[in-house]
Amino acid sequence: MTLRQKALLVHLLTATGAVFAMLAMLAAVETKWSLMFLWLVVAFFVDGIDGPLARRYDTRTNAPVFDGVLLDLIIDYLTYVFVPAYALFKSGLLPGWTGWLAIIVITFTSAMYFADTRMKTKDNSFSGFPGCWNMVVLVLFATKPDFWVSLVLVAVLAVAMFLPVKFVHPVRTKRWRSVTLPMALAWTGFAGWAAMVDFSPGNWAHYGLVLSSVYLVAAGAAQQVFYGKEG
């Protein structure tokens, strides 16, 4: 297989995320939340491996007819934002006006963030919360906090998208990667298991989800505290 063919296959792998997004949406429409999240976890896994493969096979040079960055952003918006926002609204975790407010805030701010040319820092972290609402909503499904807690969390993270606070990329941020990458893989495993058991209360995976989520959210800010703004 030629390098050009391998590069093209990477684009095709990325594009499968659109299929997983549709399968997740169909499950969400039928309120099959566990199935929806399982498809989103699959999409999350694909999103985690297609970037390193794209860099390895240099898709920009060897398969330039497709814009891998644009393709990735389109699929990320579907799987990270659109489907999870719908699930949060439809599930009743945020009832009445709070649900409407949440989906408007999430979809609008995320659209602006995904188009923001300043979203990446020099060390390949994200500047501001990177719109990972799939992770947020899954944790809310698992923990089922009071709706005011969920609403405040949505508001805080929406604002954090445009603040100069770092959020680490599990693969591309080199500092602490030996911890961050395993933590992201652990989060994926906890998420998959929690969805498989239909978010049963008290499941051990919920504790793992919360702990790994706290690390992934706070690691970038901690690096800024310890190493400065560019740290």
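Residues numbered from 1 in each chain as written. Predicted model: local features only at pLDDT ≥ 70, side-chain atom pairs only at ≥ 80, totals over all residues. Heavy atoms only, no water.

What about the packing of helix H4 (residues 68-91) against helix H6 (residues 133-143)?
And then number 1: Running from amino to carboxyl end, H4 crosses H6 at an angle of 30°, the nearest separation of the two axes being 8 Å. One element, H4, and the other, H6, form an angle in the roughly parallel class. Handedness of the crossing formed by H4 with H6: left-handed. On H6, the residues that touch Thr-79, Tyr-80, Val-81, Pro-84, Ala-87, Leu-88 and Ser-91 of H4 are Trp-133, Asn-134, Val-137, Leu-140 and Phe-141.
And then number 2: In terms of residue class, the contact of H4 with H6 is built from nine nonpolar, three polar and no charged. (Axes fitted to C-alpha atoms, helices over the stretch in contact; angles between N-to-C directions. Helix = DSSP H or I, 4+ residues; strand = E, 2+ residues; numbered from the N terminus. Parallel < 35°, antiparallel > 145°, perpendicular 65-115°, else oblique. Left-handed = near helix turned anticlockwise from the far one by under 90°. Contact = heavy atoms within 4.5 Å. Nonpolar A, V, L, I, M, F, W, Y, C, P; charged D, E, K, R; others polar.)

Topic: H6
And then number 1: When you tally the buried positions in H6, you get 10 out of 11 residues, the bulk of the element.
And then number 2: For H6, the set of buried residues is Trp-133, Asn-134, Met-135, Val-136, Val-137, Leu-138, Val-139, Leu-140, Phe-141 and Ala-142.
And then number 3: Buried residues along H6 sit against helix H2 (33-56), H4, helix H5 (97-114), helix H7 (147-160), helix H8 (177-196) and helix H9 (204-227). (Buried < 20%, exposed > 50% of the residue type's maximum accessible area, 1.4 Å probe, protein only.)

Quick look at helix H1 (residues 3-29)
And then number 1: Here H1 spans 40 Å end to end across 27 residues, near enough to the 39 Å set by a 1.5 Å rise per residue.
And then number 2: Of the residues making up H1, those classed as buried are Ala-7, Val-10, His-11, Thr-14, Gly-17, Phe-20, Ala-21, Ala-24, Met-25, Ala-27 and Ala-28.
And then number 3: Looking at the packing, one finds that the buried side of H1 touches H2, helix H3 (59-62) and H4.
And then number 4: One or two steps after H1, the chain reaches Thr-31, where phi turns positive at roughly 55°. (Expected span 1.5 Å × (residues − 1).)

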